[in-house]
2 protein chains.
Amino acid sequence: MKTAITPTRAENFSEWYQNLIVAADLAENAPVRGCMTIKPYGWAIWELMRDEMDRRIKANGVQNANFPLLIPIEFFNKEAEHVAGFAKEAAVVTHYRLKMIDGKLQPDPESKLTEPYIIRPTSETIIGEAMSRWVQSYRDLPLKLNQWVNVMRWEMRPRMFLRTSEFNWQEGHNVFATHDEANADARKMHKMYGDFMRDILAIPSIMGEKTPEERFAGADHTYTLEHIMQDGKALQAGTSHDLGQHFAKSFGIQYLGTDGKLTHAWTTSWGTTTRMMGSMFMVHSDDDGLVLPPFVAPYQVVIIPITRDETADELNAYAETIAEKLRSTGVRVLVDSSDMRSPDKMWKWIKRGVPLRVEVGAREMSENMITVTRRDIGKESKKTLSVDAFVNDAKNILRQIHDDMLSRAEHRNESMIHNVADLAELDSALAAGKIGFFRIKYEQTKCDAFDAMMEKYKITRRCLDDNDPTFVFVAKAY
Amino acid sequence: MKTAITPTRAENFSEWYQNLIVAADLAENAPVRGCMTIKPYGWAIWELMRDEMDRRIKANGVQNANFPLLIPIEFFNKEAEHVAGFAKEAAVVTHYRLKMIDGKLQPDPESKLTEPYIIRPTSETIIGEAMSRWVQSYRDLPLKLNQWVNVMRWEMRPRMFLRTSEFNWQEGHNVFATHDEANADARKMHKMYGDFMRDILAIPSIMGEKTPEERFAGADHTYTLEHIMQDGKALQAGTSHDLGQHFAKSFGIQYLGTDGKLTHAWTTSWGTTTRMMGSMFMVHSDDDGLVLPPFVAPYQVVIIPITRDETADELNAYAETIAEKLRSTGVRVLVDSSDMRSPDKMWKWIKRGVPLRVEVGAREMSENMITVTRRDIGKESKKTLSVDAFVNDAKNILRQIHDDMLSRAEHRNESMIHNVADLAELDSALAAGKIGFFRIKYEQTKCDAFDAMMEKYKITRRCLDDNDPTFVFVAKAY
C-alpha cells in the first residue's frame, strides 16, 4: 500500500520522522549549525501548548519574569557540578563589534570582552544571583518564578525538535524556606507536567526519579517524565529538580526566619521544551503523516469543498457557514478554498494531522449533509451526517479522538515494558532486538558489566519505578 | 509636599524615571552589561500588551514562526547598508565550549568557530534567506510572518526599557508581489501600531515618515511612531519599513508570476519592543509613581481591607466576595490581605499605578459600601459607593480613566509642538530652554548649520509631518 510518508515507520523510523516533519511543514534545519526554524504550522502548535501550560503554571502561584540571555562565566562557575555538566556545550560571546578587516567582516579585536559571556544553557545561576537579593526574610517565601525563553546547548548530533542547539522552553525557578516544601513543589510540578501531557497531548508518561548517575548537574533529586516512542525508544519530555541547598549556598540565597536566624533556602527548578512536540509527533503519527491530539491542533476541523468549477463559489460560501457554526461552539476550523485539486487538499491535511476532515460536495449541500473522517483511525470512521448533528457533536468527537489516542498510547506503553530478572536476561533480550523499556533491579545495574552493556547497546537508565524504586527502567533513548 | 518618588519630574526627570522603575518594582539592571531583568510586575504588563498586539497582528493575516537566535556573518554581510547599520553593536559568538585553563574557566581554543555567528540584532537577513526558498510562485504571496523574540544590540549608554543591549520585541517580515502592496502593508501596520498605542496604552503618536537621514539600514521608507515624553523629549515607539527590493535582491527572493516571468519580490518589516513600556511609564506617571493605563494593568483594581486585628479575617473574606463579583465582570482584581500596615499597602499600590484603589473598613462592610479612588487623578476622585453600584460601574470607570489619560496626553502633545519659521527661530527657542517638538521646513534642515545645531543641542529629525511632508519635526530624543 502506498503511504504518504516514505520510508514507513517499520522500514526506517528515524528517516520516517525527518520526512514527517517536512511533509507536515512543521520545521526545517536552519543555516545555523544544529539549529532549526519552526515554521508557522509548527509554531501554532507550540503556542497552543505553551498557553495551556502557562495557565497551569500560573494556577500554581508562579509568576513569569524575564532574565538575561547572557550569563557571566563567573556566575556559571559557582556551582561545580553545574559547570561540569554544561561547560562542554556552551556558546561563548567574546566580542561586541564587527569590523571589516582585509575585506572580511570579522570580530573587531578591540571589542574583545575581558570577561566573556555564555548564552544561557539554563538559568539557575543568573536567577540564583537575583534571588539572593530578592529573598531577605521568610515573608518573601515561597518565591516562584518562571520564564518562557530560548536557551542554547551546542549540539553535535542535532535532530529537529529532539535535540537542537537552540531551543525554546519554560524554566521554573523557586525558593522555599524548608526542604520539605521544596521537595513537595518539585513533585507537584512533576505531576502537573504529567497531567498536562496526558490531558492535552494524549501522552502517558513513565514518571519517576532519575538515578544519581542521570541527575541534573547540581540537583539532589531529579524527577523525570519518560515517553515511549513507537520504536520503543525513550524520550525525556520534562524534568523537575529538587536542588537542595546547592544553588542557595553557591549564590547566598538566605532568609531571616521567624526565629531571627539567617538560614540558607532550598530551591527547585523545572522545565519543559519544544522537545515535547517531537515526542508528540513520534508517539501519535503514522505512515501517512502527522496525527495531532485535538487540543493542540491549530485546526481541529478542516472543511474541503469538493468543487467542480461551476459550483465553487457557492460551495465555498456554504462551507464557510458550517465553519462559522462550528467556531461558535469553540472549535478551530479552516475552510480550504484554495485552488488545489480536492485529492491534493485531502492529502495535505492528512499529512498535517488535522483531527477531522469534512467534505462537502454539491449533493451534500443540497441535502444539508457533510461527510466526516477522523484522522486517527481513517477510512473506517468515515460517515455522512446532517450539518446540525455534526456541529452539535463536534466537540464530543474531538474529545473522543483524544481519549482514543491516549488509550492506544497507553496500550502500546504496556506492551513495551518488559520485566527482566537479571543482566543476562536483559542482554539476550537486547541481542534479540527486543524493543522498549526493560525493568530491572537498580542494584543490578551498578556494575561494570552493565556499563559495558550501556556502551554496546546504547542504553541508559531512564528512571526508577515510582511504584517500587528498587527497580529502574532501562532503554535506548532519543 | 512630600512625594513617593524623589527627585520629582520637575527636579530631575531622568533620575525620577530610574527611581520610578525601582519603586514600581518593574525591573532592575542585570549583572550583564547593558541588560535588564524584567521583574514579575513588569513582565505581567508586557504579557498583556503582547497578547493584545499579537491578536491584532494575527487579525491582519500574519502567522507567527520562530527563526534562529544566531546569524552567520556572511548573511548579515549581504545587504551593505544593513551591515553598516548594525555591525558596530553586534554581539559575536566565537566559541562553543568552555575549558578550565590555568585554573580559570575560559573559551576552549579548540572550539573556535571558523565562521563566527552574531546574535540577531534584527532578523531581516536570516528570514530573507528562508523566504528565498519558501517563495516560489505568485501563489505563495503575500507571505506574512512575525516572531516574538529577544534581540541584541550592544549598548554603551543603557537605560532600563529605553535602551538595553538585549530586548524583547515582535518583528514582522513580509513578502509581496508588487511595490504597491508592500508599501500599503507597511502603512497599514504603521496605523495598526498607532491604533494599539492609542486604544490600549492611551498614548497619542506623532506618525510620519523618517527622513532619508534617519531611515532603517536597508529601507526605502521607514514609518515611525514618535511619542512626546513629559520632559518634551521624543521616544521612537515603533517603526514599519518598506524595504523595497533591497533584501529581495540580496537574498534572491523571487517569484514566478502569472505571466511566467521570474520577478524579485518586495518586502517589508515592522517591529515594536519593550521600549513601548518605557514610553508608557514616562508619558503617564507622576511624582507618586506609576500610572498604568487600565487595559494593560495586571491589577485594574486593588482592594485594601482597612483592618484592626480583631476584624481582619472577616474583612478579608468580605473583600474577597467583592473581588469575585468584579472578576465575574472581567475585571482583574487583587485583594491585598498581606500583613503590611494599611497606609503602606496604599502607597505600595499607588507607586505601582493600579488604576483603582478600593478601601473597605468595618463600617463600610456593615453598610455594604466601599470607598474608591482613581490613581490618575487621586484624592479629588475619592468617593463612597454601594458595592453593587461599584461592581456594575467598574468597567465604565476603567474606560473613563483610559479616555482621560489619553486626553491629557493629547493636550500635552499639542502644547509641546511648536512651529518655527527658520533655523534662527529654532536656535533661539532651544537656547531659551524651550522643550518639545519643533516643526520646521525639512529643506531648512539640509545644511551644515543644522548639523551643527544637532550636535550642539542633541536634537534629531524625528519624522516628516504626515499632513505636510515638506515639514519635519525636530526634537531631543531618548
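Residues numbered from 1 in each chain as written. Chains lettered and ligands numbered in written order. Predicted model: local features only at pLDDT ≥ 70, side-chain atom pairs only at ≥ 80, totals over all residues. Heavy atoms only, no water.

**Quick look at the overall build of chain A**
Spelled out, the test is: Each helix corresponds to a stretch of at least 4 residues labelled H or I by DSSP, and each strand to a stretch of at least 2 residues labelled E; elements are numbered beginning at the N terminus. Two things to know: the radius of gyration comes from C-alpha atoms, and the globule rule equals 2.2 Å times the number of residues to the power 0.38. Here the term buried applies to any residue with accessible area under 20% of the maximum for its type, exposed to any over 50%, and partly exposed to those in between, with areas from a 1.4 Å probe on protein chains only.
The number of helices and strands found in chain A is 14 helices and 25 strands. For 478 residues, the compact-globule formula gives about 23 Å, and the C-alpha radius of gyration of chain A, at 25 Å, lands near that figure. When its C-alpha atoms are laid out on the principal axes, chain A stretches across 80 × 60 × 60 Å. Sorting the 478 residues of chain A into buried and exposed places 62% on the buried side.

**Comments concerning the nonpolar core**
Applied cut-off: What makes a nonpolar core is a set of buried Ala, Val, Leu, Ile, Met, Phe, Trp, Tyr and Cys residues whose side-chain atoms join them at distances within 4.5 Å.
With 96 residues, the main nonpolar core has A:Leu70, A:Ile119, B:Leu70 and B:Ile119 as its most contacted residues. Judged by nonpolar contacts, the second largest core, of 53 residues, contains B:Ile38, B:Trp148, B:Met197 and B:Met276.

**Digging into helix H13 (residues 423-431) of chain A**
Residues and elements named next belong to chain A. The line we're drawing: Taken from the helix axis, the directions to the C-beta atoms give the arc we talk about.
Every buried residue of H13 is accounted for by Leu-423, Leu-426, Ala-429 and Leu-430. Looking down the long axis of H13, one finds its buried residues gathered within 125 degrees of arc, a one-sided arrangement. Every exposed residue of H13 that faces more than 90 degrees away from the buried side is listed here: Ala-424 and Ala-431. Backbone geometry just after H13 places Gly-433 at a positive phi near 85 degrees.

**What about the sheet that holds strand E12 (residues 221-228) of chain B?**
Note the following rule: At least two bridges found by DSSP between two strands are what make those strands a pair.
Read across the sheet, seven strands follow the order E3-E9-E10-E16-E13-E12-E11 (chain B) without closing on themselves; strand pairing throughout is mixed. Pairing within the sheet leaves two strands with one partner each, and these edge strands are strand E3 (63-64) and strand E11 (206-209) of chain B.

**Quick look at the packing of aromatic side chains**
Residue and element names in this part refer to chain B. Let me state the cut-off plainly: Each Phe, Tyr or Trp ring, with Trp reduced to its six-membered ring, pairs with another whose centre is within 6.5 Å; inter-plane angles below 30 degrees give stacked pairs, above 60 give edge-to-face pairs, and intermediate values give tilted ones.
Inspection of the entire model under this criterion finds 24 aromatic pairs over all chains. For the pair Phe-13 and Trp-16, a centre-to-centre distance of 5.0 Å together with 35 degrees between the ring planes defines the contact as tilted. One end of the pair is Phe-13 and the other is Trp-16, both in helix H1 (residues 13-23) and three residues apart, which spans about a single turn. Phe-13 sits in the buried class, given a relative accessible area of 9%.

**Points about unusual backbone geometry**
What you tend to see is this: most non-glycine residues have negative phi, and most peptide bonds are trans. That bond from A:Leu141 to A:Pro142 is cis: its omega, -10 degrees, falls within 30 degrees of zero. For A:Pro142, the position within the fold is in the loop between helix H5 (124-134) and strand E9 (143-152). For B:Asn368, which is not glycine, the phi torsion reads 60 degrees and is therefore positive. Mapped onto the fold, B:Asn368 is located in the loop between helix H11 (362-367) and strand E20 (369-374). When its relative accessible area of 41% is taken as the criterion, B:Asn368 is described as partly exposed. A positive phi is found at B:Lys458, a non-glycine position, where the angle reads about 55 degrees. Relative to the helices and strands, B:Lys458 resides in the loop between helix H14 (448-457) and strand E24 (459-465). Look at B:Lys458 and you get exposed, because its relative accessible area is 58%.

**Some remarks on the pattern of salt bridges**
Operational definition: The rule for a salt bridge is simple: a side-chain nitrogen of Lys or Arg has to be within 4 Å of a carboxyl oxygen of Asp or Glu.
Inspection of every chain in the model, using the stated rule, returns 65 salt bridges over all chains. Here B:Glu52 ties to B:Arg56 by a salt bridge, and the two come within 2.7 Å at their closest N and O atoms. With B:Glu52 and B:Arg56 both in helix H2 (residues 40-59), this residue pair falls four residues apart, about one helical turn. Taking the shortest distance from any N to any O, the salt bridge between B:Arg198 and B:Asp199 comes out at 3.1 Å. Note on B:Arg198: relative accessible area 33%, which makes it partly exposed. One connected set of salt bridges, linked through shared partners, spans A:Lys191, A:Asp195, A:Arg198 and A:Asp199.

**Points about the relation of the copies chain A and chain B**
How we decide: The fit set for superposing copies consists of C-alpha atoms from residues with pLDDT of at least 70 in both; the fit itself is least squares.
By a simple turn and slide, chain A fits onto chain B: the slide is 0.0 Å along the axis, the RMSD is 0.0 Å, and the turn is 180 degrees. Both copies of the chain, as the preceding transformation shows, are related through a two-fold rotation axis. In terms of proximity to the rotation axis, the leading residue of chain A is A:Val93, whose C-alpha is 2.2 Å off the axis.

**Remarks on the interface of chain A and chain B**
Just so we agree on the cut-off: Throughout, a residue-residue contact means that at least one pair of heavy atoms, one from each residue, lies within 4.5 Å. The term buried area denotes the loss of accessible surface (1.4 Å probe radius) that occurs when two parts are joined, taken as the sum for both partners. N or O atoms closer than or at 3.5 Å make up a polar contact, with two conditions inside protein: a donor-capable atom paired with an acceptor-capable one, and, for residues adjacent in sequence, both atoms drawn from side chains. Only Asp, Glu, Lys and Arg are considered charged, only Ala, Val, Leu, Ile, Met, Phe, Trp, Tyr, Cys and Pro nonpolar, and every remaining residue, Gly among them, polar.
At the junction of the two partners, chain A supplies 65 residues and chain B supplies 65 residues. Of the roughly 5,200 Å² buried where chain A meets chain B, counting both sides, 61% is carbon and sulfur surface. Our enumeration of links across chain A and chain B arrives at eight salt bridges. Our count for the contact surface shared by chain A and chain B stands at 30 residue pairs in polar contact (both at pLDDT 80 or more). Per-element accounting of the side of chain A that touches chain B gives the leading share, six residues, to strand E8 (residues 112-119) of chain A. Broken down by class, the residue content of the side of chain A that touches chain B amounts to 40 nonpolar, nine polar and 16 charged. Of the strand pairs in this sheet, strand E5 (residues 92-95) of chain A and strand E5 (residues 92-95) of chain B are connected by three bridges, and their pairing is antiparallel.

**Some points on the pairing of strand E25 (residues 468-476) of chain A**
Residue and element names in this part refer to chain A. Note that strand E23 (residues 437-441) and E25 share four bridges and pair antiparallel. Each residue of the ladder has a partner; that of Phe-438, found in E25, is Val-474. Direction of pairing for strand E24 (residues 459-465) relative to E25: antiparallel, over a ladder of six bridges. Counterpart to Leu-464 in the pairing with E25 is Val-472.

**Some points on the environment of A:Phe167**
Residues and elements named next belong to chain A. Mapped onto the fold, Phe-167 is located in strand E10 (residues 166-176). Phe-167 sits 17 residues away from Asn-150 along the chain, and the two C-alpha atoms are 5.5 Å apart. In this structure Phe-167 touches Val-149, Asn-150, Val-151, Arg-153, Thr-273 and Thr-274, once residues within four positions along its chain are discounted.

**Some points on the sheet that holds E10(A)**
All names here are of chain A. With mixed pairing, seven strands are arranged side by side in an open sheet as E3-E9-E10-E16-E13-E12-E11. Each end of this open sheet is capped by a strand with a single partner; those strands are strand E3 (63-64) and strand E11 (206-209). As defined by bridge partners, E3 adjoins E9 across two bridges and the pair is classed as parallel. When the bridges of E9 are listed, Gln-63 appears paired with Leu-145.

**A look at the packing of helix H2 (residues 40-59) of chain A against helix H6 (residues 179-199) of chain A**
Residues and elements named next belong to chain A. Definition in use: Every angle, taken between N-to-C directions, lies between 0 and 180 degrees, and every axis is a line fitted to C-alpha atoms, over only the stretch in contact when it is a helix. For any helix crossing, the convention is left-handed if the near helix is rotated counterclockwise from the far helix by under a right angle, and right-handed if that rotation is clockwise.
Close contact between H2 and H6 brings their axes to 11 Å; oriented N to C, the two are set at 145 degrees. With respect to the hand of their crossing, H2 and H6 are arranged in right-handed fashion. Along the contact surface, H2 presents Met-49, Glu-52, Met-53, Arg-56 and Ile-57, while H6 presents Met-189, Met-192, Tyr-193, Asp-195, Phe-196 and Asp-199. Of the residues belonging to the contact of H2 with H6, the class tally is seven nonpolar, no polar and four charged.

**Details of the environment of A:Lys210**
All names here are of chain A. Along the chain, Lys-210 falls in the loop between E11 and strand E12 (221-228). In this structure, the C-alpha to C-alpha distance between Lys-210 and Leu-464, residues 254 residues apart in sequence, is 6.1 Å. The residues touching Lys-210, leaving out its near neighbours within four places in the chain, are Arg-215, Thr-222, Thr-224, Glu-226, Gln-236, Arg-462 and Cys-463. Engagement of the side chain of Lys-210 in a polar contact is seen with the backbone oxygen of Arg-462, the distance being 3.0 Å.

**Observations concerning the environment of A:Ser366**
Residues and elements named next belong to chain A. Its location among the elements puts Ser-366 in helix H11 (residues 362-367). Overall, the relative accessible area of 61% leaves Ser-366 in the exposed class. At 2.7 Å, the side chain of Ser-366 and the backbone oxygen of Arg-363 are in polar contact.

**Quick look at the confidence of the model for chain A**
Defined as follows: For every residue, the predictor assigns a confidence score, pLDDT, that lies between 0 and 100.
Residues with a pLDDT of 70 or more make up 100% of chain A, whose mean pLDDT is 96. The ipTM assigned to the predicted complex is 0.96, against a pTM of 0.97.

**Quick look at the side chain of A:Thr224**
Residues and elements named next belong to chain A. Mapped onto the secondary structure, Thr-224 falls in strand E12. Given the relative accessible area of 0%, Thr-224 is considered buried. Polar contacts involving the side chain of Thr-224 include one to the side chain of Glu-226, which spans 2.7 Å. Those residues within four positions of Thr-224 in sequence are excluded, and the remaining contacts are His-190, Ile-206, Met-207, Gly-208, Lys-210, Gln-236, Gly-238, Thr-239, Arg-462 and Cys-463.

**Side note on the side chain of A:Asp336**
As a reminder, the rule being used: The charge count includes Lys and Arg as positive and Asp and Glu as negative, but it does not include His or the ends of the chains.
Tracing the backbone through its elements, the reader meets A:Asp336 in the loop between strand E18 (333-335) and helix H10 (342-351). Buried charge A:Asp336 goes without a salt bridge, the closest partner of opposite sign being A:Lys345 at 4.1 Å.

**Overview of the packing of helix H9 (residues 312-328) of chain A against helix H12 (residues 387-416) of chain A**
The description of two helices packed together rests on the angle between their axes and the distance between the axes. Residues and elements named next belong to chain A. Packing of H9 against H12 brings their axes to within 9 Å, and their N-to-C directions diverge by 35 degrees. As H9 runs across H12, the sense of the crossing is right-handed. Contacts between H9 and H12 pair Tyr-318, Ile-322, Lys-325 and Leu-326 from the former with Val-387, Asp-388, Phe-390, Val-391 and Ala-394 from the latter. For the contact of H9 with H12, the class distribution of residues is seven nonpolar, no polar and two charged.

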